[in-house]
Amino acid sequence: MGTVIMHNVASVDGFIADDKDDVGPLHEWYFNGDNPIIERPGRQGEQDFDHSGAGNAFKVSSASADYVRSMWEKIGVIVMGRHLFDLVNGWEGKPPAGDHVVVVSHRPKPEGWHPEASYHFVGGVVAAIDKAQELAGERTVAVNAGDVGGQILAAGLVDEVAMDVVPVVFGSGKRYFGGIDGQYLLEDPHVVIQGDGVLHLGFKVRR
């Protein structure tokens, strides 16, 4: 099975958006360099790897480029919560990375919504990871941070935590780990990469 990585861009104080779901300056580093993120085969002409929803071609700094490309090209499945799905309308059926999306939701897929898209709606986090690993095979399962990501970590189903930390303090908003309760230990970071306007960090979850 592939590695399960919880990932998101975050402020220094650990927020992935403000109280109104606005990401503010968190995604500016995606556009402050000269190195485009390469489109995948079969997706030419379409904006790829666009977690920001901005619809503009990513051009990151050289320090970030190799890390971002390598990480995102390994993704087979994205796991997201229903709140994010509704906010971005499921990226209109075209996931920013990988080939499949698993949505944790007690509500079914909207009737008639992009029937061609490989989006799977499941009622709980354990079932979501089971489905995602089935679809991903040996590729990475990328879990969006937030409430659902925190629940998946609490269930012991996350292998690694990846954070793209941006130098801004939000003060309040949507937390990277959601409403997680309790203490969870991580290994020393195995990824520490300083980009332009972002610090890429990666931690394995201690077992």
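Residues numbered from 1 in each chain as written. Predicted model: local features only at pLDDT ≥ 70, side-chain atom pairs only at ≥ 80, totals over all residues. Heavy atoms only, no water.

S.K.: Describe the packing of aromatic side chains, listing the residues and the values that go with them.
M.R.: With the rule as written, the count across this model stands at 11 aromatic pairs. Plain terms: the ring middles of Phe85 and Phe121 are 5.2 Å apart, the flat faces sit at 85° to each other, and that makes the pair edge-to-face. Of this pair, Phe85 sits in helix H2 (residues 82–88) while Phe121 is found in strand S7 (residues 119–122), placing the two residues 36 residues apart along the sequence. The two residues Phe85 and Phe121 agree in class, both being buried. Through successive ring pairs, a cluster of aromatic residues spans Trp29, Tyr30, Phe31, Phe58 and Trp72. (Phe/Tyr/Trp six-rings, centres within 6.5 Å; stacked < 30°, edge-to-face > 60°. Helix = DSSP H or I, 4+ residues; strand = E, 2+ residues; numbered from the N terminus. Buried < 20%, exposed > 50% of the residue type's maximum accessible area, 1.4 Å probe, protein only.)

S.K.: Tell me about the environment of Val79, and please be specific about residues and values.
M.R.: Within the secondary structure, Val79 is located in strand S5 (residues 75–81). Sequence separation between Val79 and Val143 is 64 residues; the distance between their C-alpha atoms is 4.7 Å. In contact with Val79, not counting residues within four places along its chain, are Val102, Val104, Ala128, Ile129, Ala132, Val141, Ala142, Val143, Asn144 and Ile152. (Contact = heavy atoms within 4.5 Å.)

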